[in-house]
Amino acid sequence: MSKSSIYGLTLEKLTVWLMEHGHKKFRAQQVWDWLYRKRVTSFSEMTNVNKECLQLLEEHFVIHTLKQHVKQESADGTVKFLFKLQDGNLIETVLMRHKYGLSVCVTTQVGCNIGCSFCASGLLKKSRDLSSGEIVEQIMNVQHHLDEAGQDERVSHIVVMGIGEPFDNFDNLIDFLEIMKDQKGLAIGARHITVSTSGLSDKIYEFADLKMQVNLAISLHAPNNELRSRIMKINRAIPIEKLMQAIDYYIEKTNRRITLEYILLRDVNDQRETAQELADLIGDRRRLTYVNLIPYNPVDEHSQYQRSEKESVLAFYDTLKKNGINCVIRQEHGTDIDAACGQLRSKQIKQAQGK
């Protein structure tokens, strides 16, 4: 049986596990410090941890379960990593450079079952959830990449928007968030972390109740049920009315702003009338709602969709602004590499299969 990743344990769980195996509480803090502050790559480097404890850790855990399979670097500084998991599956992780810092987009599942008709991530169906350790390890591998460059850079922001539906892997997601936020570890502030969901309403309620201070983004992409059901099949199970009720609960419970993600598809959802409909849907929620307009990255397998014309994007933006809606047109990263999430993974699997 393969050993699990040490990165899958929160500090609390690591402490409990070591104490159950006969070690003092302070050992957990020592190990934690070596993992996240000194960022060692082997247990043997933990020089102030006694031999018995190191042997125990070696018997039960590994530090690295991901192997770099492909790395693509863009002219704008974006780096896309394709990692191979222990079972041979491939996942994508992306490092992006912003004026405000270094952001990493992580994957939470191998494949995706949400089935959005424009998305490269869903080209390959979900085969399993990632463990919390596999999600954490994506961040650690990127941080090790930065450490090796010797520029004293660190990951400052995280977006959980890679392959998969994060709320469909809820428990592992929450452990990942706790590990990232821990002040004795990487200490990435909760408000520097954003989780994106396609709209699993029951999990939005649950997430709101946790009051984690982590940002929440909803993949909306359409302002009415007819259009949203056409491009996002999840809307057939969770229509917009039900989703908006969950959003209202989240806003009331947390008093935190929510982001609505909206990919603009030419002649599908990018008309001025659709923008007005979106503004009407947001309505009184505008104080705590932010719309992120996203230029579409074309995917070969979804040739029915094209990128919106620049004039349409600006007209859509202008309509929202005139209605008092806070919105932005998202800056693009990595357009000279496989920009759409899931695109690199899909391409590599096809090559391996000789297609």
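The following paragraphs examine the structure supplied in this document. (Residues numbered from 1 in each chain as written. Predicted model: local features only at pLDDT ≥ 70, side-chain atom pairs only at ≥ 80, totals over all residues. Heavy atoms only, no water.)

Along strand 10 (residues 193-197), five of the five residues are buried, which leaves the element largely enclosed by surrounding structure. Burial of the side chains of strand 10 extends over both faces: Ile-193, Val-195 and Thr-197 are buried on one face and Thr-194 and Ser-196 on the other. Looking at chain direction, strand 9 (residues 157-160) and strand 10 are connected through three bridges and run parallel. Each bridged residue has a counterpart across the sheet, and for Val-159 the counterpart in strand 10 is Thr-194. Across four bridges, the pairing between strand 10 and strand 11 (residues 215-219) is parallel. Residue pairing across strands places Thr-197 opposite Ile-218, the latter belonging to strand 11. (Buried < 20%, exposed > 50% of the residue type's maximum accessible area, 1.4 Å probe, protein only. Helix = DSSP H or I, 4+ residues; strand = E, 2+ residues; numbered from the N terminus. Pairing = 2+ DSSP bridges.)

A few words on the pattern of salt bridges. Going through the model one piece at a time under the given rule, you end up with 18 salt bridges. Between Asp-129 and Lys-126 there is a salt bridge, with its nearest N and O atoms 3.1 Å apart. When its relative accessible area of 28% is taken as the criterion, Asp-129 is described as partly exposed. In this structure Lys-126 comes out as partly exposed when scored by relative accessible area, which is 25%. Put simply, Lys-126 and Asp-168 hold a salt bridge, and the shortest N to O gap is 3.2 Å. (Salt bridge = Lys/Arg side-chain N within 4 Å of Asp/Glu carboxyl O.)

By size, the foremost hydrophobic cluster in this structure holds 108 residues, and its most contacted members are Met-46, Ile-158, Phe-176, Leu-177, Met-180, Phe-207 and Val-291. What Phe-176 contacts, discounting residues up to four positions off in sequence, is Val-106, Ser-132, Ile-135, Val-136, Ile-139, Ile-158 and Val-160. (Core = buried A, V, L, I, M, F, W, Y, C linked by side-chain atoms within 4.5 Å. Contact = heavy atoms within 4.5 Å.)

The next thing to look at is the sheet that holds strand 3 (residues 67-73). The mixed open sheet is built from 10 strands, whose spatial order is 3-4-5-6-9-10-11-12-13-14. Both outer strands of the open sheet, strand 3 and strand 14 (326-329), are each paired with one neighbouring strand and no more. The sheet shows a mean angle of 20 degrees between the axes of neighbouring strands, direction not considered. Alignment of strand 12 (residues 258-264) against strand 13 (residues 289-295), held across seven bridges, turns out to be parallel. If you follow Glu-261 over to strand 13, its bridge partner there is Asn-292. (Axes fitted to C-alpha atoms, helices over the stretch in contact; angles between N-to-C directions.)

Here the focus is the pairing of strand 5 (residues 90-98). Of all nine residues in strand 5, seven are buried; the element is thus mostly enclosed. Alignment of strand 4 (residues 79-84) against strand 5, held across six bridges, turns out to be antiparallel. Following the sheet pairing, Lys-84 is matched in strand 5 by Leu-90. Here five bridges tie strand 5 to strand 6 (residues 101-105), and the two strands are oriented antiparallel to one another.

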